[in-house]
Number of protein chains: 2
Amino acid sequence: MKRIMLVVAYDGTNYCGWQVQPNATTIEGVLNEKLTQLLGEPIEVIGASRTDSGVHALGNVAVFDTESRIPGDKMKYALNQRLPEDIRIQESKEVDADFHPRYCDSQKTYEYRILNRSMELPTERLYAHYSYRALDMEAMKKACEYIVGEHDFKCFCSAGSQVKETVRTVYSLKVSKDDDLIKIRITGSGFLYNMVRIIAGTLMEVGTGRKKPEDLKAIIESMDRSLAGPTAPARGLRLVRIAYKGYDLEYLEKF
Amino acid sequence: MKRIMLVVAYDGTNYCGWQVQPNATTIEGVLNEKLTQLLGEPIEVIGASRTDSGVHALGNVAVFDTESRIPGDKMKYALNQRLPEDIRIQESKEVDADFHPRYCDSQKTYEYRILNRSMELPTERLYAHYSYRALDMEAMKKACEYIVGEHDFKCFCSAGSQVKETVRTVYSLKVSKDDDLIKIRITGSGFLYNMVRIIAGTLMEVGTGRKKPEDLKAIIESMDRSLAGPTAPARGLRLVRIAYKGYDLEYLEKF
């Protein structure tokens, strides 16, 4: 028996998110089905991030155990031949039997994309949230400074979440603009439910002038979800990578 | 009666190209249908470039004549409300009655995109051709020098084409790389059928070393389609813009 880690990229447009659900097509469900076919034994993967419906990934991480003799680093080729073209394994390798994608120490990086121009652009519609209102980049950058660090981020957690411990560390949060595409990139020890999308929605309100950068201090201290901005739409979000302490992943060089 | 010009952006993935065909969904067909509904009179647009199935556009151009009282520059808003989200009018304005998108002097700019990395990336699959083979950028740039200028480009014209006059002028042809995305950008007075895709396919053969940059001279002089490279897939191609002599189009500022 060996444990294989997969780095999984997908276009989330046509999936009901990562996690297996009855009567819905999910990334996890497709991986389980194709791995079970490929290896001839029942496989259930364990995923790192249960991304929502419509959210994309360049490098989500999953593991599974198998008796297969296919070498870990060849697994990606065998599996990609069976997967639909909107899911592609970027990397596969054998890892220690006690490696767990959710319980091992990691840093996750997400990117939120906003297309900021006068008219919508069809070729970007599935991978960026569209905003015609001009966004003040300097104000958004200033607001980021209040978010970086260890804080109780309850204000950025969806009301429906059951999580009790809401302290998290944001290592970096950067806003950049390339032509009319704004990218919000955030790296942290972990994120609360919808936290990145709520931060994106709040930064957009700063960008339009509805909130001031300094307001972020009071919003975070309030621990009140209703004071933060709206949850930005799923299509603008992508999970860029997950880096694990002690695991030297080749794919890290790629981004 | 007035003539309205539209600058049309679309994601070509789900269309059988621009031109109206029986029993197929086309960009032109959808524009005719939605304009006829909107204006209450039968409308048939005249398009500048009849892009193939799967090819995208940021700024194709079309005109139509109407009795409508909707001002030219407001037409885009009224029409976008009725269009599917994979077609978006970027600009609309009234033009002279004798303006014709195919017969007036213009410069067309196309971009061909190649994703060049070890594994496919689902979020780029509809907008870039994937190549795992490393491409030599310097060789491709050198090959471009032989293509720029006025030449008989018969070697880059699909065998099925009926066109007799095959001399065209390529004003500029540039290859650039941003991370693992290679962009081939070409501007010319007009292009033969599949010319940009055949140039892209030929440049890729130079990139892999199968052809040398200097070979381009003999290929062009031969006027023999079989000596050039294969026609690169449609999904990598996008029509970026069409600039008309004497028409100061706002959208030109955008790219």
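Residues numbered from 1 in each chain as written. Chains lettered and ligands numbered in written order. Predicted model: local features only at pLDDT ≥ 70, side-chain atom pairs only at ≥ 80, totals over all residues.

A few words on the overall build of chain A. For chain A, the count of helices and strands is five helices and ten strands. Taking 2.2 N^0.38 as the reference for a compact globule, 255 residues should give roughly 18 Å; the C-alpha atoms of chain A span a radius of gyration of 19 Å, in line with that estimate. Taken along its principal axes, the extent of the C-alpha atoms in chain A is 60 × 40 × 35 Å. Counting across all 255 residues of chain A, residues that qualify as buried make up 40%. Taking contacts inside chain A between residues at least 6 apart in sequence as the whole, the part at least 24 apart equals 70%. (Helix = DSSP H or I, 4+ residues; strand = E, 2+ residues; numbered from the N terminus. Rg over C-alpha atoms; globule rule 2.2 N^0.38 Å. Buried ≥ 20, exposed ≤ 12 C-beta atoms within 10 Å, placed from the backbone. Contact = placed C-beta atoms within 7 Å.)

All right, on to the relation of the copies chain B and chain A then. Superposing chain B onto chain A takes a rotation of 180° plus a shift of 0.0 Å along the axis, which leaves an RMSD of 0.0 Å. Such values leave the two copies arranged in the relation of a two-fold axis. (Least-squares fit on C-alpha atoms with pLDDT ≥ 70 in both.)

Attention now moves to the domain arrangement of chain A. All names here are of chain A. Along its sequence, chain A is carved into domain 1 (2-104) and domain 2 (106-240). Averaged C-alpha coordinates put domain 1 and domain 2 at centres separated by 27 Å. Opposite the 13 residues of domain 1 that make contact, domain 2 presents ten residues. A per-class count over the side of domain 1 that touches domain 2 returns four nonpolar, eight polar and one charged. (Domains from an automatic or database assignment. Nonpolar A, V, L, I, M, F, W, Y, C, P; charged D, E, K, R; others polar.)

A word on the packing of helix α3 (residues 137-147) of chain A against helix α4 (residues 195-207) of chain A. Residues and elements named next belong to chain A. Contact geometry for α3 and α4: axes closest at 8 Å, N-to-C directions at 135°. With respect to α4, the element α3 is oriented oblique. In the crossing of α3 with α4, the sense of the turn from one axis to the other is right-handed. Of the residues in α4, those in contact with Ala139, Met140, Ala143 and Ile147 of α3 are Ile199, Leu203, Val206 and Gly207. Broken down by class, the residue content of the contact of α3 with α4 amounts to seven nonpolar, one polar and no charged. (Axes fitted to C-alpha atoms, helices over the stretch in contact; angles between N-to-C directions. Parallel < 35°, antiparallel > 145°, perpendicular 65-115°, else oblique. Left-handed = near helix turned anticlockwise from the far one by under 90°.)

All names here are of chain B. Here helix α1 (residues 27-39) spans 18 Å end to end across 13 residues, near enough to the 18 Å set by a 1.5 Å rise per residue. Buried within α1 are the following residues: Ile27, Glu28, Leu31 and Leu35. The arc enclosing the buried residues of α1, seen along the axis, measures out at 90°, which places them on a common side. Buried residues along α1 sit against β1 (2-10), β2 (46-47), β3 (56-66), α2 (75-80) and β4 (87-95). Directly after α1, the chain includes Gly40, whose backbone phi takes a positive value near 70°. (Expected span 1.5 Å × (residues − 1). Arc of directions from axis to C-beta.)

All names here are of chain B. Tracing the chain through its elements places Ile182 in strand β9 (residues 181-188). C-beta crowding within 10 Å serves as the criterion here: with 25 such atoms nearby, Ile182 is assigned to the buried category. Distance in space between the C-alpha atoms of Ile182 and Arg113 is 5.7 Å, their sequence separation being 69 residues. Setting aside its immediate chain neighbours within four residues, Ile182 contacts Ile114, Asn116, Leu135, Val175 and Lys177.

Time to look at the confidence of the model for chain A. All names here are of chain A. Of the residues in chain A, 96% reach a pLDDT of 70 or more, and the chain-wide mean stands at 94. Here residues 250-255 scores under 50 on pLDDT; set against residues more than four positions off or in separate chains, the count is eleven contacts. With a pTM of 0.93, the predicted complex shows an ipTM of 0.91. (pLDDT = per-residue confidence, 0-100.)

This next bit is on the environment of B:Thr123. Examined against the element boundaries, B:Thr123 turns out to sit in the loop between β5 (106-116) and β6 (129-131). Note: C-alpha distance between B:Thr123 and B:Met1 (122 residues apart in sequence) is 45 Å.

Contact with chain B, which involves 16 residues of that partner, is made by 16 residues of chain A. Among the secondary structure elements, those contributing two or more residues to the side of chain B that touches chain A are β1 and β4 of chain B. Sort the elements by how many residues they give to the side of chain B that touches chain A and β4(B) lands first, with three residues. Here the residues of the side of chain B that touches chain A sort into seven nonpolar, three polar and six charged.

Positive phi is not limited to glycine here, since A:Met223 has a value of about 55°. Note that A:Met223 resides in the loop between α5 (215-222) and β10 (237-244). With phi around 70°, B:Asn194 is a residue other than glycine that occupies positive phi space. Tracing the backbone through its elements, the reader meets B:Asn194 in the loop between β9 and α4 (195-207).

Below, the discussion takes up the environment of A:Pro101. Residue and element names in this part refer to chain A. By the secondary structure assignment, Pro101 is in the loop between β4 (87-95) and β5 (106-116). C-beta crowding within 10 Å serves as the criterion here: with 20 such atoms nearby, Pro101 is assigned to the buried category. Expressed as a C-alpha distance, the spacing of Pro101 and Met5, which sit 96 residues apart in the sequence, is 8.6 Å. Leaving out residues up to four positions away in the same chain, Pro101 has contacts with Ile46, Gly47, Ala48, Val61, Ala62 and Val63.

What follows concerns α5(A). Spacing of three or four residues puts side chains on the same side of an α-helix, whose turn is 3.6 residues. Residue and element names in this part refer to chain A. Taken residue by residue, α5 has Leu216, Ile219 and Ile220 as its buried positions. Down the axis of α5, the buried set is contained in an arc of 95°. They therefore lie on one face. Where α5 is buried, its residues contact α3 and β7 (149-152). Where α5 terminates, the next one or two residues include Met223, which has phi positive at roughly 55°.

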